[in-house]
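Here is what each chain is made of, one letter per residue.
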Amino acid sequence: MVQGVTFDQEIILLVDIRTVLFAVIFMVVGCMPAKHASGPTAAVPMAQEGQLGLGNEEYSTSTEDIDPLDILPEQESLSNADPLSPDEQHILDTELSFHVGLNTDENADVQRYFHQYAHKHRRTMEEWLQRAQLYLPHIRERFLAEGLPEDLIYLPFAESGFNPFALSKAGACGMWQFMPQTGVNFGLTVNAWVDERRDPYASTEAAITYLKKLYQMFDDWSLALAAYNAGEGTIGRALEKTGAEDYFSLCARSNQIATETKLYVPKFLALVKIARNLEALGFTPIDWDVRQAPLVKLQAKPGTDLLALASALGMDWKAFREMNPILRKQEAAPKGVTIAVPGHLVASAQAYLQRPIMVAQRAATSGGYKVRSGDSWWSIAKKHGLTVAQLQKANHSSTKQVLQVGKVLAIPGGSASDSSLADTRKWAERRANYIVQQGDSIWSIAREFKTDPTTLLQANGLTAKSTLKIGQKIFIADAGSVATKEIRTKADAVRKELVSYKVRPGDSLWGIAKKFDISLDQLCQWNKLAKNAAIRPGDKLTLYP
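Residues numbered from 1 in each chain as written. Predicted model: local features only at pLDDT ≥ 70, side-chain atom pairs only at ≥ 80, totals over all residues. Heavy atoms only, no water.

Q: Help me understand the overall build of the protein in this model?
A: Scanning the protein from terminus to terminus reveals 22 helices and eight strands. Expressed as a percentage of its 545 residues, the buried residues of the protein come to 46%. For the protein, contacts bridging at least 24 residues in sequence account for 70% of all contacts bridging at least 6. Carbon and sulfur atoms provide 53% of the accessible area of the protein, an area that totals close to 28400 Å². (Helix = DSSP H or I, 4+ residues; strand = E, 2+ residues; numbered from the N terminus. Buried < 20%, exposed > 50% of the residue type's maximum accessible area, 1.4 Å probe, protein only. Contact = heavy atoms within 4.5 Å. Areas by Shrake-Rupley, 256 points an atom, 1.4 Å probe, with all protein chains shown as cover.)

What follows is the structure, given as structure tokens:
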């Protein structure tokens, strides 16, 4: 009890303290970071709204070939903003191409988001703009052709930062952040093999249709945008319950609208103001005349090893996936799949796709891997040419399980059991059409026969660790007797081009590989060296430039 205070005064004092505490807590909660928009929710029964609502494993959010950096943060930090300059205040006061019913230069949330992306997270905005340059000219062209307000083209800034691979915790995916069933409802294919929500062009068409539908329902773009974020059912019920007629009165009256939805339109408005005034704010402006070089679409047969195809085209999986974002697996679907390649690689891709299918036996276990410090599911999967889902399935694990240093993981790979490999080797020897000679390697033979190393290994029951021996008989698919003679002649010519390189002071393996326009892997393979092997002046290296 406080001295000099009566019992009645003490009660009043306690009540006042509680009142102050409740007020402080309320203010803190009101300033909590907004949860990231999870994209348009699926048009599913009310009890399931906001969920995947599919009950089908092939639509799982644990999609394959997802880089951890593609996962959108569950929350974003929205701190208090410093005062804006007079020029920035003037930018905020500019009109949009559609009515929003808000004086943006007086709205604290808009100003905070404006400051966040124009100043505090400026580097993030610059990265978004670099990605946006790839797609915005096309999106603008399509939106204007469909009669939509031009400023809506900047919506992916608020959704994904224009990242086609962005994935929210709720399962919304792609540049426009469609939930699986919503994507299907608007014409996108979403299954275990492909996900067209990640196709920037197909998903843009779906977004156009969906935005038109939302505006038709609410006759107000602010409400339509809120519905894009929270789902039309959520917004419709909230309007009916509160009697509100516009977005901002709805946010003020409804306690059922999530904080992220209440902040969604202010965030979008701030991003639009920035995007429309890039040069004035010191950003590199969008070049509206730039278009990406069109890719050529080809049909891959069921079971085609897409990872091997990428390798045959001289690309790693990441580069190939960027051209084919819809792919969820490194193998073509049972019904085949359409792939895209640059024009200059069409002939090579067609030649590969015309070969007999040799499906990689990824279900078989090729060995183990001991987890090291700094390893992650993604880094180990990438190291072995796998997807995270494949690696976790082989180890009966999930992303939630933390890797322990020293644990041995089973690695699914391109090799089958020992007996299966032996049978394949015997079969290959009976059909052999090439004899290994001095200087040959899996890579050099594959290059000369215009095949890929993976297919060559599979056809001969070999693994990546196998060593070729002079005189060894191997089978090269698609190489008839005439072709074999031609290739042997070329191979002989290549072997005559062998270079013996004497290591000089200051040389490194990487530097030598670069000098001769070969890869470090090739240089190390030819000389049976580890990538981190030490070399000394006077050492001799063998090269096939």
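Q: Please clarify how the packing of helix H7 (residues 200-218) against helix H8 (residues 221-230) should be interpreted in this entry.
A: How two helices pack is summed up by the angle between their axes together with the distance between the axes. Relative orientation of the contacting elements H7 and H8 amounts to 125 degrees, with a least axis distance of 8 Å. One element, H7, and the other, H8, form an angle in the oblique class. Once H7 is placed against H8, the crossing between them reads as right-handed. Touching Ala 207, Tyr 210, Leu 211, Leu 214, Tyr 215 and Phe 218 of H7 are Trp 221, Leu 223, Ala 224, Ala 227 and Tyr 228, all from H8. (Axes fitted to C-alpha atoms, helices over the stretch in contact; angles between N-to-C directions. Parallel < 35°, antiparallel > 145°, perpendicular 65-115°, else oblique. Left-handed = near helix turned anticlockwise from the far one by under 90°.)

Q: I tried to follow the confidence of the model for the protein on my own but got confused; where do I start?
A: Interpretation of the predicted coordinates at a detailed level should be avoided for regions scoring low in pLDDT. Mean pLDDT over the protein works out to 76, with 73% of the residues at or above the 70 mark. Counting interchain partners and residues more than four positions distant, the pLDDT-below-50 stretch residues 358-366 has 34 contacts. A low-confidence stretch, residues 480-484 stays under pLDDT 50, and its non-local contacts, those more than four residues away or across chains, total three contacts. (pLDDT = per-residue confidence, 0-100.)

Q: Help me understand the packing of aromatic side chains, please; the structure alone is not making it clear to me.
A: For any pair of aromatic rings, geometry is given as the distance between the ring centres together with the angle between the planes. Under the counting rule described, the total for this entry stands at 14 aromatic pairs. Centre to centre, the rings of Tyr 154 and Phe 157 are 6.2 Å apart; their planes meet at 20 degrees, and the pair counts as stacked. The class of Phe 157 is buried, set by a relative accessible area of 1%. With 4.8 Å between their ring centres and 85 degrees between their planes, Tyr 247 and Phe 248 make a pair best called edge-to-face. (Phe/Tyr/Trp six-rings, centres within 6.5 Å; stacked < 30°, edge-to-face > 60°.)

Q: What should I look at first to understand the environment of Asn 185 in this one?
A: Its location among the elements puts Asn 185 in helix H6 (residues 180-185). For Asn 185, a relative accessible area of 40% translates into the label partly exposed. The spacing of Asn 185 and Tyr 210 is 25 residues in sequence and 9.4 Å in space, taken between C-alpha atoms.

Q: Just to check I follow, could you spell out the environment of Phe 162 for this structure?
A: In this structure, Phe 162 sits in the loop between helix H5 (155-159) and H6. Residues in contact with Phe 162, not counting those within four places in the same chain, are Trp 128, Arg 131, Ala 132, Tyr 135, Leu 136, Ile 139, Ile 153, Pro 156, Phe 157 and Met 175.

Q: Help me understand the packing of helix H3 (residues 108-120) against helix H11 (residues 259-275), please; the structure alone is not making it clear to me.
A: The N-to-C vectors of H3 and H11 enclose an angle of 50 degrees; their axes lie 8 Å apart at closest approach. In terms of axis orientation, H3 runs oblique to H11. As for how H3 packs across H11, the hand of that crossing is right-handed. Contacts between H3 and H11 pair Asp 109, Val 110, Tyr 113, Phe 114, Tyr 117 and Ala 118 from the former with Leu 263, Pro 266, Lys 267, Ala 270, Leu 271, Lys 273 and Ile 274 from the latter. Among the residues making up the contact of H3 with H11, the classes are represented as 10 nonpolar, no polar and three charged. (Nonpolar A, V, L, I, M, F, W, Y, C, P; charged D, E, K, R; others polar.)

Q: Looking at this structure, how should I read the pattern of salt bridges?
A: Side chains that differ in charge, positive against negative, can pair when their charged atoms come close. Taken as a whole and judged by the stated rule, the model has 10 salt bridges. Residue Arg 142 pairs with Glu 205 through a salt bridge whose shortest N-O separation is 2.7 Å. Of this pair, Arg 142 sits in helix H4 (residues 122-145) while Glu 205 sits in helix H7, and the two are 63 residues apart along the sequence. Taking the shortest distance from any N to any O, the salt bridge between Asp 151 and Arg 276 comes out at 3.2 Å. With Asp 151 in the loop between H4 and H5 and Arg 276 in the loop between H11 and strand E1 (296-300), this pair connects stretches of sequence that are 125 residues apart. In this structure Asp 151 comes out as buried when scored by relative accessible area, which is 3%. (Salt bridge = Lys/Arg side-chain N within 4 Å of Asp/Glu carboxyl O.)

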